[in-house]
Amino acid sequence: MQHLHEFLYECDELGLQLKCFFEYEPAEVGAIEYETGLKLEPDYPEVWTLISVFLPNSSVDLSGVLHPDVISQIERDAATYFEEMKEEKYYDRRSKTIF
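Presented here is a report on the structure given in the accompanying data block. (Residues numbered from 1 in each chain as written. Predicted model: local features only at pLDDT ≥ 70, side-chain atom pairs only at ≥ 80, totals over all residues. Heavy atoms only, no water.)

### Things to note about the overall build of the protein chain
Here's step 1: A count of helical and extended segments in the protein chain gives 1 helix and 3 strands.
Here's step 2: Listed N to C, the secondary structure of the protein chain is β-β-β-α in terms of helices and strands.
Here's step 3: Pairs at least 24 residues apart make up 46% of the contacts formed inside the protein chain by residues separated by at least 6 positions.
Here's step 4: Surface summary for the protein chain: the accessible area is close to 7800 Å², and the carbon and sulfur share equals 55%. (Helix = DSSP H or I, 4+ residues; strand = E, 2+ residues; numbered from the N terminus. Contact = heavy atoms within 4.5 Å. Areas by Shrake-Rupley, 256 points an atom, 1.4 Å probe, with all protein chains shown as cover.)

Right under this line is the structure:
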């Protein structure tokens with residue numbers, strides 16, 4: 001079972017909030033040859049993939065009917081949101097250990 005991350009997207013064009021669920025794949029650093037330092041595998045950035053989109057209090061998945069530009073905007077906004085959340089958690093943890 002995959003772990004999904006929830007994001008509430010404010011759709012200004014429609015005046016609605018959309019409940020979105022994402023799958024997360026962390027960044028990966030490719031292997032490097034020990035002696036020469038040559039890259040053996042490519043690096044991969046982290047990826048947030050939109051899995052489903054719902055209206056609040058609805059069980060109908062709207063992801064198949066949304067315009068690709070809307071999906072791209074949701075994915076960009078969600079990636080920014082999740083990155084900010086990750087930084088806040090990092091600083092919260094760090095400040096607790098320092099003090």
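### Brief notes about the nonpolar core
Here's step 1: By size, the foremost hydrophobic cluster in this structure holds 13 residues, and its most contacted members are Tyr9, Leu18, Cys20, Phe22 and Ile74.
Here's step 2: Taken together, the elements giving at least two residues each to this core come down to strand E1 (4–11), strand E2 (16–25), strand E3 (47–54) and helix H1 (68–98). (Core = buried A, V, L, I, M, F, W, Y, C linked by side-chain atoms within 4.5 Å. Buried < 20%, exposed > 50% of the residue type's maximum accessible area, 1.4 Å probe, protein only.)

### Looking at the pairing of E1
Here's step 1: As paired strands, E1 and E2 are joined by 8 bridges and run antiparallel to one another. When the bridges of E2 are listed, phenylalanine 7 appears paired with cysteine 20.
Here's step 2: With antiparallel pairing between neighbouring strands as the criterion, E1 and E2 make up a hairpin whose turn holds 4 residues, including glycine 15 at a positive phi of roughly 70°. (Pairing = 2+ DSSP bridges.)

### So, the sheet that holds E2
Here's step 1: Across the sheet, 3 strands lie side by side as E1-E2-E3; this open sheet has antiparallel pairing. Unpaired on one side and paired on the other, E1 and E3 mark the two borders of the sheet. With strand direction ignored, the average angle separating the axes of adjacent strands in the sheet is 35°. (Axes fitted to C-alpha atoms, helices over the stretch in contact; angles between N-to-C directions.)

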